[in-house]
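Below, each chain spelled out in residue letters.
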Amino acid sequence: MRTGVIAKKVGMMGLFQENGDRLPVTVLEIDSTVIDTRTKEKDGYTAVQLGSGKIKEKNIAKPQKGHFAKLKQEPKKTLVEFRVSEDCLIPAGSVIGANHFVVGQLVDVVGTSLGKGYAGVMKRYNFHGDNATHGVSRTHRSGGSTGNREWPGRVVKNTEMPGQLGNERVTVQNLEVVAIDEGRNLIMVKGGVPGFDNAVVLVSDAKKRSKQAVGPVPAGLKAEIKAEPAKEAVKEEAAPKAEEVPAEVKAEEVKE
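From a predicted model like this one, the values you see are computed outputs, not experimental measurements.

Scoring rules and cut-offs
- Residues numbered from 1 in each chain as written.
- Predicted model: local features only at pLDDT ≥ 70, side-chain atom pairs only at ≥ 80, totals over all residues.
- Heavy atoms only, no water.
- Helix = DSSP H or I, 4+ residues; strand = E, 2+ residues; numbered from the N terminus.
- Buried < 20%, exposed > 50% of the residue type's maximum accessible area, 1.4 Å probe, protein only.
- Contact = heavy atoms within 4.5 Å.
- Areas by Shrake-Rupley, 256 points an atom, 1.4 Å probe, with all protein chains shown as cover.
- Pairing = 2+ DSSP bridges.
- Axes fitted to C-alpha atoms, helices over the stretch in contact; angles between N-to-C directions.
- Salt bridge = Lys/Arg side-chain N within 4 Å of Asp/Glu carboxyl O.
- 1 Å grid on protein atoms, 1.4 Å probe; cavity = no way out; pocket = protein on both sides within 12 Å on 5 of 7 lines; lining within 4 Å.
- Points joined across faces, edges and corners; volume = space filled by probe spheres on them.
- Nonpolar A, V, L, I, M, F, W, Y, C, P; charged D, E, K, R; others polar.
- Core = buried A, V, L, I, M, F, W, Y, C linked by side-chain atoms within 4.5 Å.
- pLDDT = per-residue confidence, 0-100.
- Polar contact = N/O pair within 3.5 Å; in protein donor to acceptor, adjacent residues only side chain to side chain.

### Considerations on the overall build of the protein
Now for step 1: Secondary structure assignment for the protein yields four helices and 12 strands.
Now for step 2: Out of the 256 residues in the protein, the part that is buried amounts to 31%.
Now for step 3: In the protein, the share of contacts with a sequence separation of at least 24, taken over all contacts with a separation of at least 6, comes to 73%.
Now for step 4: Of the roughly 18,300 Å² of accessible surface on the protein, a fraction of 50% belongs to carbon and sulfur atoms.

Encoded structure:
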């Protein structure tokens, strides 16, 4: 079982297929650095702790500041743990890239849905509403009766009623990865993803589709960009040495 990644929802766009169809996709920017690992011998389970985003030092709590200092890691705004198998542990400091996934793979995306405030049953649960005629008065969008007088004589638990809509953790399963841009660390998945633009989401291999193409094991790590070696200064060529004059010629010059 591989680790998931932390990503940022960039937005939605249309991707044209070879046959001319326009496919709606969501662009996700992967930003995941391995902060620490959990091992069975030390912690009782195996997991990878990932960090994402920048944070000012004044906004870091003391326990977190000590945690990052102990691991000699740069502080991150978001910390998430993913359970993994023992063969999928990744060393701390590694950066996961877009090549963690492959085109055609199915993924699960977890995010926080848009908060829409207090909503009625028609918007919240898709009730069809009451009749517009036949004596109906001021109850066109009402939910109707919720508890009868004789039985059950109360409102049953989990009855669909008006209330808070959105702003909750939502998982969208089996989204297909249709394109990957390793240069900009982007993946594009078919369909919508919960959350607003620039929201943090979690992307992992699809849980309910075991027989499918997956990325590299244990993970697709971002290639480190090595700086080009500094060009050595061109050494000035030494001035050519004067040709040595034979001793015989020197002697003749002296006689003259």
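### Topic: the pairing of strand S2 (residues 22-30)
Now for step 1: Bridge analysis of strand S1 (residues 5-16) against S2 gives nine bridges, and the strand direction is antiparallel. Across the sheet, residue Lys9 finds its bridge partner in S2, namely Leu28.
Now for step 2: Between the antiparallel neighbours S1 and S2 lie five residues, among them Gly20 with a positive phi of about 95°.
Now for step 3: Across five bridges, the pairing between S2 and strand S11 (residues 186-190) is antiparallel. Of the residues in S11, the one forming a bridge with Val25 is Lys190.

### Topic: the sheet that holds strand S7 (residues 106-112)
Now for step 1: Around the barrel, six strands lie side by side as S1-S2-S11-S10-S7-S12; this closed barrel has antiparallel pairing. Adjacent strand axes in the sheet meet at a mean angle of 50° when their direction is disregarded.

### Side note on the pattern of salt bridges
Now for step 1: Tallying each qualifying case throughout the model produces five salt bridges.
Now for step 2: Through salt bridges with shared partners, a single ionic network connects Asp36, Arg38 and Glu81.

### A few points about the environment of Ile6
Now for step 1: Tracing the backbone shows Ile6 in strand S1.
Now for step 2: Look at Ile6 and you get buried, because its relative accessible area is 0%.
Now for step 3: It is 6.1 Å that separates the C-alpha atoms of Ile6 and Ile30, two residues lying 24 residues apart in sequence.
Now for step 4: Contact partners of Ile6, with chain neighbours within four places excluded, come to Glu29, Ile30, Asp31, Ser32, Leu50, Gly51, Ser52, Thr78, Val80, Val200, Val201 and Leu202.

### Considerations on the layout of surface pockets
In this approach a probe as big as a water molecule rolls over the atoms, and the regions it shows empty are the leftover space.
Now for step 1: Size it by volume and the largest pocket reaches roughly 250 Å³.
Now for step 2: Lining the largest pocket are Ala7, Lys8, Glu29, Asp31, Ser52, Gly53, Lys54, Lys77, Thr78, Asn198 and Val200.
Now for step 3: Split by residue class, the lining of the largest pocket holds two nonpolar, four polar and five charged.

### Considerations on the nonpolar core
Now for step 1: Within the largest apolar cluster, 28 residues are counted, with the highest numbers of intra-cluster contacts made by Val107, Ile187, Val189 and Val203.
Now for step 2: Contributions of two or more residues to this core are made by S1, S2, strand S4 (47-52), strand S5 (78-83), S7, strand S10 (169-181), S11 and strand S12 (200-205).
Now for step 3: Every residue in contact with Val107, bar those within four places of it in the chain, is listed here: Phe101, Val172, Gln173, Asn174, Leu175, Val177, Val189, Val203, Ser204, Asp205 and Ala206.
Now for step 4: Residues Val25, Val27, Val178 and Met188 belong to the second largest nonpolar core, which totals seven residues.

### Brief notes about unusual backbone geometry
Now for step 1: The omega angle of the peptide bond from Trp151 to Pro152 is 0°, so this bond is cis rather than trans.
Now for step 2: By the secondary structure assignment, Pro152 is in the loop between helix H3 (121-125) and strand S9 (163-165).
Now for step 3: Cis rather than trans, the peptide bond between Val217 and Pro218 has omega equal to 5°.
Now for step 4: Residues other than glycine seldom take positive phi values, yet Lys72 does so here, at roughly 55°.

### Section: the confidence of the model for the protein
Now for step 1: Per-residue confidence for the protein averages 86 on the pLDDT scale, and 87% of its residues sit at or above 70.
Now for step 2: Low pLDDT (under 50) marks residues 224-238, which in the prediction has zero contacts with non-local residues, meaning those over four places away or in another chain.

### As for the sheet that holds strand S3 (residues 32-38)
Strand pairs in the sheet, formed through backbone hydrogen bonds, run parallel or antiparallel to each other.
Now for step 1: Strand order in the open sheet formed by four strands is S5-S4-S3-S6, and the pairing between neighbours is antiparallel. Strand pairing shows two members of the sheet lacking a second neighbour, S5 and strand S6 (95-96), which therefore form its edges.
Now for step 2: Where S3 lies against S4, five bridges are found, and the strand directions are antiparallel. By the bridge assignment for S4, Arg38 is matched with Ala47.
Now for step 3: Along the sheet face, helix H2 (residues 62-71) touches S3, S4 and S5 and points at about 85° away from the line of S3.

### Digging into the side chain of Ser32
Now for step 1: Take Ser32: it is sitting in strand S3.
Now for step 2: A distance of 2.7 Å separates a polar atom in the side chain of Ser32 from the backbone nitrogen of Ile6.
Now for step 3: Once you skip the residues sitting within four places of it in the chain, Ser32 turns out to touch Val5, Ile6, Leu50, Gly51, Ser94, Val95 and Ile96.

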